[in-house]
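Chain by chain, the residues:
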Amino acid sequence: MAFEPAVMDAINKKADDLGWPARAFAAVVEVESGGKAFSTVNGKRLPLILYEYHVFYRNLPRHQRDEAVDRGLAAPRWGQIPYKKTQSARYAQLDRAKSINSEAAYMACSWGVGQVLGENASWLGFGSARELAETAMSGIEGQLELMVRFIKKRGLVDELKARDWRGFARIYNGSGQVDHYSRLMARAYKRLGGAMPAGSDLEDDVILRLGSKGDAVSGLQQNLRRLGYHLIIDGDFGPATKTQVIAFQRDNGLVPDGIAGPSTLARFEALLGRDVISEL
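Figured I'd write up the structure that's included with this text. Everything numeric in this text was worked out from a predicted model, so none of it was measured.

**Overview of the overall build of the protein**
And then number 1: When its secondary structure is counted, the protein shows 14 helices and 5 strands.
And then number 2: Principal-axis analysis of the C-alpha atoms gives the protein an extent of 65 × 45 × 30 Å.
And then number 3: Each of the 280 residues in the protein was classed as buried or not, and the buried ones make up 50%.
And then number 4: Taking the intrachain contacts of the protein between residues at least 6 apart in sequence as the baseline, contacts between residues at least 24 apart amount to 58%.
And then number 5: Of the roughly 13700 Å² of accessible surface on the protein, 47% is carried by carbon and sulfur atoms.
And then number 6: Charge separation in the protein, taken as the distance between the mean sites of 37 positive and 33 negative side-chain charges, equals 4 Å.

**Quick look at the packing of helix α10 (residues 165-172) against helix α11 (residues 178-191)**
And then number 1: Relative orientation of the contacting elements α10 and α11 amounts to 130°, with a least axis distance of 8 Å. The orientation of α10 with respect to α11, classified from their angle, is oblique. Crossing geometry of α10 relative to α11 is assigned as right-handed. On α11, the residues that touch W165, R166, F168, A169 and R170 of α10 are V178, D179, Y181, S182, M185, A186 and Y189.

**Observations regarding the pairing of strand β1 (residues 38-41)**
And then number 1: Both β1 and strand β2 (residues 44-47) contribute to a ladder of 4 bridges, which runs antiparallel. What sits directly across from T40, in β2, is R45.
And then number 2: Counted along the chain from β1 to the antiparallel partner β2, the turn is 2 residues long, and its residue N42 has a positive phi close to 50°.

**What about the nonpolar core?**
And then number 1: Judged by nonpolar contacts, the single largest core of 84 residues is most densely connected at F25, F56, W111, I151 and L220.
And then number 2: Ranked by residue count, the leading element in this core is helix α2 (residues 22-33), at 8 residues.
And then number 3: Setting aside its immediate chain neighbours within four residues, F56 contacts Y51, A68, L73, A74, A97, I100, N101, A104, A105 and A108.

**Quick look at the sheet that holds strand β5 (residues 116-117)**
And then number 1: Taken in spatial order, the 3 strands make up an open sheet running β3-β4-β5, and their pairing is antiparallel. A strand with exactly one partner marks an edge of an open sheet, and here the two such strands are β3 (49-51) and β5.
And then number 2: In this structure, β3 lies alongside strand β4 (residues 109-111), joined through 3 bridges in antiparallel fashion. In the sheet register, Y51 faces β4, and the bridge partner there is C109.
And then number 3: Sitting on the sheet, helix α5 (residues 87-98) touches β3 and β4, and the angle it makes with β3 is about 55°.

**Some points on the pattern of salt bridges**
And then number 1: If you walk through the whole model with that rule in mind, you get 13 salt bridges.
And then number 2: Measuring nitrogen to oxygen at the nearest pair gives 2.8 Å for the salt bridge that ties K14 to E145. With K14 in helix α1 (residues 5-18) and E145 in helix α8 (residues 140-153), this residue pair connects regions lying 131 residues apart in the sequence.
And then number 3: Between R71 and E67 there is a salt bridge; the shortest N-O distance is 3.3 Å.

**Topic: the packing of α1 against α2**
And then number 1: Close contact between α1 and α2 brings their axes to 9 Å; oriented N to C, the two are set at 130°. In terms of their interaxial angle, α1 and α2 are classed as oblique. Here α1 runs over α2; the crossing is right-handed. Residues M8, I11, N12, K14, A15 and D16 of α1 pack against A22, F25, A26 and V29 of α2.
And then number 2: Taken together, the residues of the contact of α1 with α2 sort by class into 7 nonpolar, 1 polar and 2 charged.

Here is what the cut-offs are and how they apply
- Think of each chain on its own: its residues are numbered from 1, step by step along the sequence as written.
- Selection of residues for local features in this predicted model requires a pLDDT of at least 70, selection of side-chain atom pairs for listing and counting requires 80 or more, and totals for whole chains, interfaces and linings are taken over all residues.
- Side-chain descriptors were evaluated using all non-hydrogen atoms of the structure, hydrogens and water having been removed beforehand.
- Each helix is a run of H or I in the DSSP string that is no shorter than four residues. Each strand is a run of E no shorter than two, and both are numbered from the N terminus.
- Relative accessibility decides the category of a residue: with a 1.4 Å probe and only protein chains considered, values under 20% of the type maximum give buried, values over 50% give exposed, and everything between is partly exposed.
- What makes two residues a contact is simply this: any of their non-hydrogen atoms within 4.5 Å.
- Here, Shrake-Rupley sampling with a 1.4 Å probe gives the accessible areas, and only protein chains in the shown set may cover a residue.
- By the counting rule applied here, Lys and Arg register as positive and Asp and Glu as negative, while His and the ends of each chain are not counted.
- Positions of charges follow a simple convention, taking NZ of Lys, CZ of Arg, CG of Asp or CD of Glu.
- The convention used is that axes are lines fitted to C-alpha atoms, helices contributing only their stretch in contact, and that angles between N-to-C directions extend from 0 to 180 degrees.
- Angle categories are assigned with fixed cut-offs, so that under 35 degrees is roughly parallel, over 145 is roughly antiparallel, 65 to 115 is roughly perpendicular, and the rest are oblique.
- By definition, any crossing whose near helix is turned counterclockwise from its far helix by less than a right angle is left-handed, and any crossing with a clockwise turn is right-handed.
- Strands qualify as paired when DSSP identifies two bridges or more between them.
- Residues belong to one nonpolar core when they are buried, are Ala, Val, Leu, Ile, Met, Phe, Trp, Tyr or Cys, and are joined through side-chain atoms within 4.5 Å.
- In the sections that follow, a salt bridge refers to a side-chain nitrogen of Lys or Arg positioned within 4 Å of a carboxyl oxygen of Asp or Glu.
- Polar here means any residue outside two lists: the nonpolar Ala, Val, Leu, Ile, Met, Phe, Trp, Tyr, Cys and Pro, and the charged Asp, Glu, Lys and Arg; Gly therefore counts as polar.

Here it is in structure tokens:
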């Protein structure tokens, strides 16, 4: 679904201001939002939200939890209550939850095109979840600001610039969603006219990065451990593995991009010789 022109203009301007590839940023925004930035609720043009019952529950003081549960607004665990299907119904939930605890209600919603959870307000530099929500409700620029803060805070700028969709999805969407979201982002980027950066080796089979899993990742982690870099060997290339790969690259005069491509893997072989572990 294509964004309306004003939304696409705002996305392009934000990317240009940040020095980010505009089509890559647009692809991520499109996938996270489903190509829709606003819904009309009670005559007002508002950002899309998703009300999370379990988030409301965990941010309530104990003396308010029973009332919230009895009113069908809170649950101890995710998935116990189905999501409302319409934005009107979700905003009505928010209003009802605010009557119990306003700040916890704002914390319980994900906001705007980036689906940024209000619970992240303090972490993202906002004074309150209400301030985060009001930023989202201020317009498309506010929605994009939330998303940009989240991308920066999660350390995903390099992945976005490299069009490393698997790496981006591994952190933004979670380890169990990598294949699904990375495919969607790659397709959206291609449809928007994007191309991979010159010299990119992200399509090379001999490469490990955020989102990679399996024996090859375990081998990489074991090699790092042998050389004194501390991490758990679990076969999942997550943030901790990326941090140690960057440390290894810096220590060995390589580009510290956190991607274990041919040059990085060759350096392991040079250092470990026959002892190198590889399942590639």
